[in-house]
Amino acid sequence: MLAVKIVILFAMMACVLTETINFKPCEINDCDISEVRVEPCTRDNENAVCKLRRRKPSRMEFSFTPNFDADTLEASLVTVKDGGNELPLITMDRDACKYTKCPLKSGESQNYAVDIPIEKKFPLDTYKIKWTFKASSGKQCCFLHEIKLVR
């Protein structure tokens, strides 16, 4: 009985630490993205940007329904600078099929979840993050959100 209570407590703690965040689909987006979640995510209110600590891993998850079929999917994560310049996170594993079910089937809902290291060398700042998941056909899932790196 004690073991069951401990499991329930940890499950409740995980729900508190994971936050559903605001996001914006990209102009070119061939998916229905229903939810984006970040763990841990501390923020001042539900519309505020997630504050992530450097040197602590962060988990990003999103739920989506592709409007295309694909055998493979390539992931990219970039920060979008003023003027639209993009700076990629080069340490990210680009094989999205390691973190979601492949092949993708049009109309089938699924989840993507990956741990992202927040390295000490990343400057403290607010960042616009762009996630892109591209099939070999050129079809893609794409969305943007913001984070703030703190000490």
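Residues numbered from 1 in each chain as written. Predicted model: local features only at pLDDT ≥ 70, side-chain atom pairs only at ≥ 80, totals over all residues. Heavy atoms only, no water.

(A) Broad picture of the overall build of the chain. Looking only at helices and strands, the chain features one helix and 10 strands. Starting at the N terminus and ending at the C terminus, the chain contains elements arranged as α-β-β-β-β-β-β-β-β-β-β. Counting all 151 residues of the chain, 37% fall into the buried class. Once local pairs closer than 6 in sequence are excluded, the contacts in the chain between residues at least 24 apart make up 62%. Just so you have it, the chain exposes about 9400 Å², and 53% of that area is on carbon and sulfur atoms. (Helix = DSSP H or I, 4+ residues; strand = E, 2+ residues; numbered from the N terminus. Buried < 20%, exposed > 50% of the residue type's maximum accessible area, 1.4 Å probe, protein only. Contact = heavy atoms within 4.5 Å. Areas by Shrake-Rupley, 256 points an atom, 1.4 Å probe, with all protein chains shown as cover.)

(B) Focus on the pairing of strand E4 (residues 50–53). Here E4 shows a buried face lined by Cys50 and Leu52 and an unburied face lined by Lys51 and Arg53. Of the pairings in the sheet, the one linking E4 to strand E10 (residues 140–150) comprises four bridges and is parallel in character. For Leu52, the partnering residue across the bridge sits in E10 and is Leu149. (Pairing = 2+ DSSP bridges.)

(C) A look at the pattern of salt bridges. Tallying each qualifying case throughout the model produces 11 salt bridges. Measuring nitrogen to oxygen at the nearest pair gives 3.2 Å for the salt bridge that ties Glu61 to Arg37. Linking Glu61 in strand E5 (residues 58–66) with Arg37 in strand E3 (residues 31–39), this pair joins segments that are 24 residues apart in sequence. Taken individually, Glu61 and Arg37 each receive the classification buried, so the pair is uniform in this respect. In this structure, the salt-bridge partner of Arg94 is Glu74, at a minimum N-O distance of 2.9 Å. Placement of the pair is Arg94 in the loop between strand E7 (86–88) and strand E8 (110–116) and Glu74 in strand E6 (residues 74–80), with a sequence separation of 20 residues. With relative accessibility at 42%, the residue Arg94 sits in the partly exposed group. Put simply, Glu35, Arg37, Arg59, Glu61 and Asp115 are held in one network by salt bridges that share partners. (Salt bridge = Lys/Arg side-chain N within 4 Å of Asp/Glu carboxyl O.)

(D) Here's a closer look at the packing of aromatic side chains. In the structure shown here, the tally under the stated rule is nine aromatic pairs. Look at Phe23 and Phe143: their rings are 5.9 Å apart centre to centre, the planes differ by 75 degrees, and that puts the pair in the edge-to-face class. Of this pair, Phe23 sits in the loop between strand E1 (19–20) and strand E2 (24–25) while Phe143 sits in strand E10, placing them 120 residues apart in sequence. On the basis of an interplanar angle of 65 degrees and a centroid distance of 6.0 Å, the ring pair of Tyr99 and Tyr112 is categorised as edge-to-face. Here Tyr112 lies in strand E8 and Tyr99 lies in the loop between E7 and E8, a separation of 13 residues in the sequence. (Phe/Tyr/Trp six-rings, centres within 6.5 Å; stacked < 30°, edge-to-face > 60°.)

(E) Quick look at the nonpolar core. Judged by nonpolar contacts, the single largest core of 34 residues is most densely connected at Phe62, Phe64, Phe68, Tyr112, Trp131, Phe133 and Phe143. Counting residues per element, the ones that place at least two in this core are E3, E4, E5, E6, E8, strand E9 (126–134) and E10. The residues contacting Phe68, other than those within four sequence positions of it, are Asp30, Cys31, Leu73, Leu104, Lys105, Ser106, Ala135, Lys139, Gln140 and Cys141. (Core = buried A, V, L, I, M, F, W, Y, C linked by side-chain atoms within 4.5 Å.)

(F) Structural view of the confidence of the model for the chain. Across the chain, the average pLDDT comes to 87, with 89% of residues at 70 or higher. Confidence drops under a pLDDT of 50 for residues 1–16, and excluding neighbours within four residues, the segment shows zero contacts in the predicted structure. (pLDDT = per-residue confidence, 0-100.)

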